[in-house]
Amino acid sequence: MTVTYRVSKGCCACGTCIYECPVQAITMKVVGGAEIDEKRCTGCGACYDNCASEAIERIEHQDQEKE
Ligand code: SF4
Ligand code: SF4
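Cut-offs and rules
- All residue numbers refer to positions counted from 1 along the written sequence of the respective chain.
- Chains carry letters from A onward and ligands carry numbers from 1 onward, assigned in written order.
- Reporting in this predicted model follows two pLDDT cut-offs: at least 70 for local features of residues, and 80 or more for side-chain atom pairs to be given and counted; totals over whole chains, interfaces and linings ignore these cut-offs and use all residues.
- Helix and strand definitions follow DSSP, with helices as H or I runs of at least four residues and strands as E runs of at least two, each counted in order from the N terminus.
- Throughout, radius of gyration means the C-alpha value; the globule benchmark is 2.2 Å times the number of residues raised to the power 0.38.
- Residues with at least 20 other C-beta atoms within 10 Å of their own are called buried, those with 12 or fewer are called exposed, and the rest are partly exposed. The C-beta atoms themselves are positioned from the backbone.
- Distance between backbone-placed C-beta atoms decides contact: two residues are in contact if it is within 7 Å.
- We call a residue near a molecule or strand when its C-beta atom, built from the backbone, sits within 6 Å of it.
- In this classification, the charged set is Asp, Glu, Lys and Arg, the nonpolar set is Ala, Val, Leu, Ile, Met, Phe, Trp, Tyr, Cys and Pro, and all remaining amino acids, among them Gly, are polar.
- Only buried Ala, Val, Leu, Ile, Met, Phe, Trp, Tyr and Cys residues enter a nonpolar core, and they are joined through C-beta atoms within 7 Å.

(A) Summary view of the overall build of the chain. The helix and strand tally for the chain stands at 2 helices and 4 strands. Shown N-terminal to C-terminal, the secondary structure of the chain runs as helices and strands in the order β-α-β-β-α-β. Relative to the globule expectation of 11 Å for 67 residues, the C-alpha radius of gyration of the chain, 12 Å, shows essentially globular dimensions. The principal-axis extents of the C-alpha atoms in the chain amount to approximately 35 × 20 × 20 Å. Here the chain holds 67 residues, and 19% of them are scored as buried. Residue pairs in contact within the chain that sit at least 24 positions apart in sequence constitute 65% of those at least 6 positions apart.

(B) Highlighting unusual backbone geometry. Although it is not a glycine, Gln24 sits at a positive phi angle of roughly 50°. Tracing the backbone shows Gln24 in the loop between helix 1 (16-20) and strand 2 (26-28). Overall, Gln24 belongs to the exposed group, with 9 C-beta atoms counted inside 10 Å.

(C) Main features of the environment of Asp49. Structurally, the position occupied by Asp49 is in helix 2 (residues 46-50). Between the alpha carbons of Asp49 and Gln24 there is a distance of 16 Å; along the sequence they are 25 residues apart.

(D) Expanded view of the site of ligand 1. Residues in contact with ligand 1 amount to 14 residues; listed here are only the nearest, Cys11, Cys14, Cys17, Cys51 and Ser53. Partitioning the shell around ligand 1 into residue classes produces 10 nonpolar, 4 polar and no charged.

(E) Here's a closer look at the site of ligand 2. Taken together, 14 residues are adjacent to ligand 2, and Cys21, Cys41, Cys44, Ala46 and Cys47 come closest. Residues that form the shell around ligand 2 fall into these classes: 10 nonpolar, 3 polar and 1 charged.

(F) Structural detail: the nonpolar core. Judged by nonpolar contacts, the single largest core of 13 residues is most densely connected at Cys17, Ile26, Cys47, Cys51 and Ile56. If you list the elements that add at least two residues to this core, you get strand 1 (2-7), strand 3 (34-36) and helix 2. Look past the residues within four positions of Ile56 in its chain and what remains in contact with it is Tyr5, Val7, Cys17, Cys47, Tyr48 and Cys51.

Below you can see the structure in the form of structure tokens.
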């Protein structure tokens, strides 16, 4: 199973996830809060674990080929 993460509604743009991400996969959009670059994201879950607003969504994908 592969797990990916996505910023959903409720992001208050606090910046914590950007600080916590070890591979700099998260940037702050001008409008709408944080955004995860799925190409960079390693799926470590640090942003998900540390978002106080619970704005990051954890998505489980059943075993499918993924590059
Ligand atoms: S930690 Fe959560 S609320 Fe803060 S910027 Fe990241 S997604 Fe938004
Ligand atoms: S899951 Fe890890 S690598 Fe991916 S965006 Fe969150 S903190 Fe960064």
